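Architecture at a glance
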Amino acid sequence: MKFTALVATGLLATASAFSPSSAGFTTQTYGVGERTVGPMQQGTAHSQRRATIVMDGKANAIRDRISTVKNTKKITMAMKLVAAAKVRRAQDAVLATRPFSETLQSVFGGLIGRVSGEALDLPLLTQREVNKVTLVVITGDRGLCGGYNSFMIKKAESRFAELKEQGIECDMVLIGKKGVTYFTRRNYPIRKTFETGQNPDSKQALAISEEILNTFLSGESDAIELLYTKFVSLINSAPSARTLVPFSASEITQKGDEVFALTSSGGKFDVEREELEVAEPQEFPNDMIFEQDPVQIINSILPLYLNGQILRTLQESVASELAARMQSMQAASDNAGDLEKRLSQQYNRARQAAVTGEILEIVAGAAALE
């Protein structure tokens, strides 16, 4: 009789250990004459139970980590989709400025052809002896975009050191909070700082181009070099450098352009690039009388051209940053999925180990009573 009672007590304790209720390892018994729960009440109580298995602390900690990783994966995927939407907006902005750029290039080409026999004495087209260079460096305002900012900063540092080795003085115009923070802490000579933003507009480009023109025309700098990130594809962006001022008339009239379009096929994002031909020079009749001298008109067009170039590079840099953020968030989501899979395996093993341990305790207890 005593043996039967001990076995029954052990079985009740074991059953309570696998109970999904919050009571854990406690059991509830009823005395003779006490009211028991009816079938209907039992069904209601069962439907309200949580499907949580009470185990050791290690398994519960793994389960909490799995939940955290799942939430992180949702956030990174949402950030990727937001970046994709902003890339489309940057693409539309580039296409919207294209007609103005084509018209400006066409008029400039026609005016250059009209005054081809004359000596152009324009400050923005005059090459000087280079004793000082101003570097215009475009970085991002935020992180979480892979190596986008670090690659651009390394490019700027390398160019700065190269000019110093040649005995040329150098200062910087910084666009983007990441670049401003980095170079300010290292005491680089900084002339002016600007923010990049996520939606560059003509007002922002005008402020930057005015600073560049004032620096060059006042003689404080002999050349302006632009360092930006060229948008190649969603998985590739190339840090690039070019001489912005003084201009080259041949480059303006003979340089083509290209536009990009974000597409999606098979559930994956991709970029299609289109090379655009040089705009045909506008033809002006020989008997056309200009109200102003053509040289003065060219001198007025050049600042507009500079403003358009600044706006275009800002838009291209923002598109490169967003593409880098898309790839970074995709990689983070993939890593979160792999981590979730490994944690789930660890969780299952810990749960199986707990169940096996309970069974061994029951068998050992029964064997000890024999």
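If you tally the helices and strands in the protein chain, you get 8 helices and 7 strands. Residues counted as buried form 36% of the 370 residues belonging to the protein chain. As displayed, the protein chain offers around 21,400 Å² of accessible surface, 53% of which is attributable to carbon and sulfur atoms.

The biggest cluster of nonpolar side chains holds 33 residues, and the ones touching the most others in it are Ile212, Leu244, Val245, Phe247, Leu302, Leu306 and Ile310. Counting residues per element, the ones that place at least two in this core are helix H3 (57–114), strand E1 (132–138), strand E2 (169–175), helix H6 (202–217), strand E4 (223–233), strand E5 (236–245) and helix H8 (294–369). Counting residues in hydrophobic clusters, the runner-up holds 16 residues, among them Met152, Ala156, Leu163 and Cys170.

A few words on the pattern of salt bridges. Per the counting criterion, the structure on display carries 9 salt bridges. Arg159 is paired through a salt bridge with Glu225; the nearest N and O atoms lie 2.6 Å apart. Here Arg159 is found in helix H4 (residues 148–165), whereas its partner Glu225 is found in strand E4, with 66 residues between them in sequence. For Glu225, a relative accessible area of 10% gives the class buried. Here Arg325 makes a salt bridge to Glu321, at a shortest N to O gap of 3.2 Å. Remark: Glu321 and Arg325 occur in helix H8; sequence separation between them is 4 residues, near one turn of the helix. Residues Arg325 and Glu321 agree in their burial class; the two are buried. A network of salt bridges, in which partner residues are shared, links Lys132, Asp171, Arg191 and Glu220.

Turning next to the pairing of E1. Within E1, 6 of the 7 residues are buried, which leaves it mostly tucked inside the rest of the structure. In the classification by handedness, the crossover that spans E1, the intervening H4 and the parallel E2 is right-handed.

The next thing to look at is helix H5 (residues 177–185). Buried within H5 are the following residues: Gly179, Val180 and Phe183. The buried residues of H5 occupy one face: seen down the axis, they fall within an arc of 100°. Note on H5: the residue one or two positions beyond its end, Asn187, has a positive phi of about 60°.

Remark: H6 packs on H8, axes separated minimally by 8 Å, with the N-to-C direction vectors making an angle of 120°. In terms of orientation, H6 and H8 fall into the oblique class. When you trace H6 past H8, the crossing you get is right-handed. Taken together, the residues of H8 that come into contact with H6 (itself represented by Ser202, Gln204, Ala205, Leu206, Ile208, Ser209, Ile212 and Leu213) are Pro303, Leu306, Asn307, Ile310, Leu311 and Leu314. Split by residue class, the contact of H6 with H8 holds 10 nonpolar, 4 polar and no charged.

Next up on the list: the environment of Met172. When you line up the elements, Met172 lands in strand E2. Look at Met172 and you get buried, because its relative accessible area is 0%. Between the C-alpha atoms of Met172 and Val137, which are 35 residues apart in sequence, the distance is 7.2 Å. Here Met172 is in contact with Leu135, Ala156, Phe160, Phe183, Tyr188, Pro189, Ile190, Arg191 and Lys192, once residues within four sequence places are set aside.

In this structure the tally under the stated criterion is 4 aromatic pairs. Seen from their ring centres, Phe183 and Tyr188 are 5.0 Å apart, and the 85° between their planes marks the pair as edge-to-face. An angle of 75° between the planes, with centres 5.6 Å apart, marks the rings of Phe247 and Tyr305 as edge-to-face. Placement of the pair is Phe247 in the loop between E5 and helix H7 (249–254) and Tyr305 in helix H8, with a sequence separation of 58 residues. Here Phe247 and Tyr305 have matching classes, each one buried. An aromatic cluster is present here, built from Phe160, Tyr182, Phe183 and Tyr188 joined pairwise through their rings.

Moving on: the confidence of the model for the protein chain. Summarising the model, the protein chain shows a mean pLDDT of 77, and 72% of its residues fall at 70 or more. Segment residues 1–43: pLDDT under 50, and 25 contacts once partners within four positions in sequence are set aside and those in other chains are kept.

Okay, a nonpolar patch on the surface next. Together, Val355, Ile359 and Val363 make up an exposed nonpolar region whose accessible area comes to about 240 Å². Relative to the elements of secondary structure, Val355 occurs in helix H8.

Examined against the element boundaries, Asp222 turns out to sit in the loop between H6 and E4. Side-chain polar atoms of Asp222 contact the backbone nitrogen of Asn131, separated by 2.8 Å. Not counting chain neighbours up to four residues away, the residues in contact with Asp222 comprise Arg128, Glu129, Val130, Asn131, Lys132, Phe216 and Pro246.

Cut-offs and rules
- Residues numbered from 1 in each chain as written.
- Predicted model: local features only at pLDDT ≥ 70, side-chain atom pairs only at ≥ 80, totals over all residues.
- Heavy atoms only, no water.
- Helix = DSSP H or I, 4+ residues; strand = E, 2+ residues; numbered from the N terminus.
- Buried < 20%, exposed > 50% of the residue type's maximum accessible area, 1.4 Å probe, protein only.
- Areas by Shrake-Rupley, 256 points an atom, 1.4 Å probe, with all protein chains shown as cover.
- Core = buried A, V, L, I, M, F, W, Y, C linked by side-chain atoms within 4.5 Å.
- Salt bridge = Lys/Arg side-chain N within 4 Å of Asp/Glu carboxyl O.
- Right-handed = clockwise from strand over helix to strand, strands pointing away.
- Arc of directions from axis to C-beta.
- Axes fitted to C-alpha atoms, helices over the stretch in contact; angles between N-to-C directions.
- Parallel < 35°, antiparallel > 145°, perpendicular 65-115°, else oblique.
- Left-handed = near helix turned anticlockwise from the far one by under 90°.
- Contact = heavy atoms within 4.5 Å.
- Nonpolar A, V, L, I, M, F, W, Y, C, P; charged D, E, K, R; others polar.
- Phe/Tyr/Trp six-rings, centres within 6.5 Å; stacked < 30°, edge-to-face > 60°.
- pLDDT = per-residue confidence, 0-100.
- Patch = residues over 30% accessible without salt bridge, like charges linked within 9 Å, V, L, I, M, F, W, Y side chains within 5 Å.
- Polar contact = N/O pair within 3.5 Å; in protein donor to acceptor, adjacent residues only side chain to side chain.

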